[in-house]
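# Architecture at a glance
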Amino acid sequence: MPHGRLPQLTQQVEARAAKPTLTATPGRSNHGWGLAVDICADSYAGERWDWLKAHGPEYGWDNPQWAQPGGAGPFEPWHWEFTAAVAQISDNH
């Protein structure tokens, strides 16, 4: 799949079948809903990373607790979510 392209539902189903522990339930991905992004590896170090960590939350974006060292999920410094919308979805499910 080309970088930056969202997978179609059939691709999501196939990916879930192949790697159930690494993929979201088809149709339920925060990435698919535009509420999460993965930052390129060369961007989570240095000045840009420092700025993002300092100012991302001001704009509603943050690396969620589960993705941080010692969090409930895998360590994913590249994973950022639009926090208010993700929280609203979580509250409704």
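Cut-offs applied
- Residue indices begin from 1 for each chain and proceed along its sequence in written order.
- pLDDT decides what is reported in this predicted model: residues at 70 or higher carry local features, side-chain atom pairs at 80 or more are listed and counted, and totals for whole chains, interfaces and linings draw on all residues regardless.
- Side-chain metrics rest on all non-hydrogen atoms present in the structure, leaving aside hydrogens and water.
- Known as pLDDT, the predictor's per-residue confidence is scaled from 0 to 100.
- Segments assigned H or I by DSSP are reported as helices when at least four residues long, segments assigned E as strands when at least two residues long, and all are numbered from the N terminus.
- Partly exposed residues are those whose accessible area sits between 20% and 50% of the maximum for their type, while under 20% is buried and over 50% is exposed, using a 1.4 Å probe and protein chains only.
- What makes two residues a contact is simply this: any of their non-hydrogen atoms within 4.5 Å.
- Each aromatic pair joins two rings of Phe, Tyr and Trp (for Trp, the six-membered one) with centres within 6.5 Å, and gets the label stacked for planes under 30 degrees apart, edge-to-face for over 60, and tilted for any other angle.

Our next topic: the confidence of the model for the chain. On average, residues of the chain score 82 in pLDDT, and 87% of them reach the 70 mark or higher. For the chain, helix α3 (residues 83–92) is the element with the lowest average pLDDT, namely 73, and strand β2 (residues 61–62) is the one with the highest, namely 92.

A separate point is the environment of proline 26. Counting through the fold element by element, proline 26 comes out in the loop between α1 (9–18) and β1 (36–38). Looking at proline 26, the relative accessible area reads 25%, which means it is partly exposed. Separated by 13 residues in the primary sequence, proline 26 and valine 13 place their C-alpha atoms 5.8 Å from one another. Those residues in contact with proline 26 that lie beyond four places of it in its chain are Leu9, Gln12, Val13 and Arg16.

Take the packing of aromatic side chains next. The full count for this structure, using the stated rule, is 3 aromatic pairs. Taken together, a centroid distance of 5.4 Å and an interplanar angle of 55° make the contact between tryptophan 61 and phenylalanine 82 tilted. With tryptophan 61 in strand β2 and phenylalanine 82 in strand β3 (residues 79–82), the pair connects residues that are 21 residues apart, well separated along the chain. Judged by relative accessible area, tryptophan 61 falls into the partly exposed class, the value being 25%.

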